[in-house]
Amino acid sequence: MIWHDGQGACLFTKKLERGCFIWPSLADGVVSISQAQMSYLLSGIDWRNPQESWRPTIVG
């Protein structure tokens, strides 16, 4: 991902251990997503239909 804040650009990379990234459609060569969609995307969650995932039963 390339993120620009008006002063400079940052390059971020991430590799999922399983699953895949689900990207939104391009509009005029640009992908615009919300902060929530970005969080889902980086977690490997399908942002089009987010669902609860597995949670550990034992903590500690």
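The structure under discussion appears in the preceding block.
Starting from 1, residues in each chain are numbered consecutively following that chain's sequence as written. Confidence filtering applies because this is a predicted model: local features only for residues at pLDDT of at least 70, side-chain atom pairs given and counted only at 80 or more, and all residues used for totals across whole chains, interfaces and linings. Only hydrogens and water are set aside; all other atoms, that is, all heavy atoms of the structure, feed into the side-chain values.

Quick word on the layout of surface pockets
Residues are said to line a cavity or pocket when one of their atoms sits within 4 Å of a point; the points come from a 1 Å grid over protein atoms alone, cavities being sets where a 1.4 Å probe fits but cannot get out and pockets being open sets with protein on both sides within 12 Å along at least five of seven lines. Grid points are joined across faces, edges and corners, and a volume is the space filled by probe spheres set on the points. If you add up the space inside the second largest pocket, you get close to 190 Å³. Taken together, Met1, Ile2, Trp3, Trp23, Val31, Ile33, Ser34, Gln35 and Met38 make up the lining of the second largest pocket. Residue composition of the lining of the second largest pocket, grouped by class: seven nonpolar, two polar and no charged. Side-chain classes follow a simple rule in which Ala, Val, Leu, Ile, Met, Phe, Trp, Tyr, Cys and Pro form the nonpolar group, Asp, Glu, Lys and Arg form the charged group, and the remainder, Gly included, forms the polar group.

As for a nonpolar patch on the surface
On the surface, a nonpolar cluster with roughly 310 Å² of combined accessible area is contributed by Met1, Trp3 and Phe12. Structurally, Phe12 is set in the loop between strand E2 (9-11) and helix H1 (35-43). Each patch is assembled from residues with relative accessible area greater than 30% and no salt bridge, linking like charges that lie within 9 Å and nonpolar side chains (Val, Leu, Ile, Met, Phe, Trp, Tyr) that lie within 5 Å. We get accessible surface area from the Shrake-Rupley algorithm with a probe of 1.4 Å; when it comes to residues, only the shown protein chains can shield them. Just to be clear on terms, a salt bridge is a Lys or Arg side-chain nitrogen sitting within 4 Å of an Asp or Glu carboxyl oxygen. Runs of H or I in DSSP of at least four residues are treated as helices and runs of E of at least two as strands, each being numbered from the N terminus.

What about the environment of Pro50?
Residue position: Pro50 is located in the segment after H1. Separated by 10 residues in the primary sequence, Pro50 and Tyr40 have C-alpha atoms spaced 7.8 Å apart. If we skip the residues at most four places from it in the chain, Pro50 touches Tyr40 and Ile45. Residue contacts follow a heavy-atom distance rule, with two residues in contact if any of their heavy atoms lie within 4.5 Å.

Overview of the environment of Met38
Summarising the element assignment, Met38 is placed in helix H1. According to the relative accessible area criterion, Met38 is buried, its value standing at 15%. Sequence separation of Met38 and Trp23 is 15 residues, and the distance between their C-alpha atoms is 9.8 Å. Discounting residues that sit within four places of it in the chain, Met38 has contacts with Met1 and Ile33. Buried, partly exposed and exposed residues are distinguished by accessible area as a fraction of the type maximum, computed with a 1.4 Å probe on protein chains only: under 20%, between the cut-offs, and over 50%, respectively.

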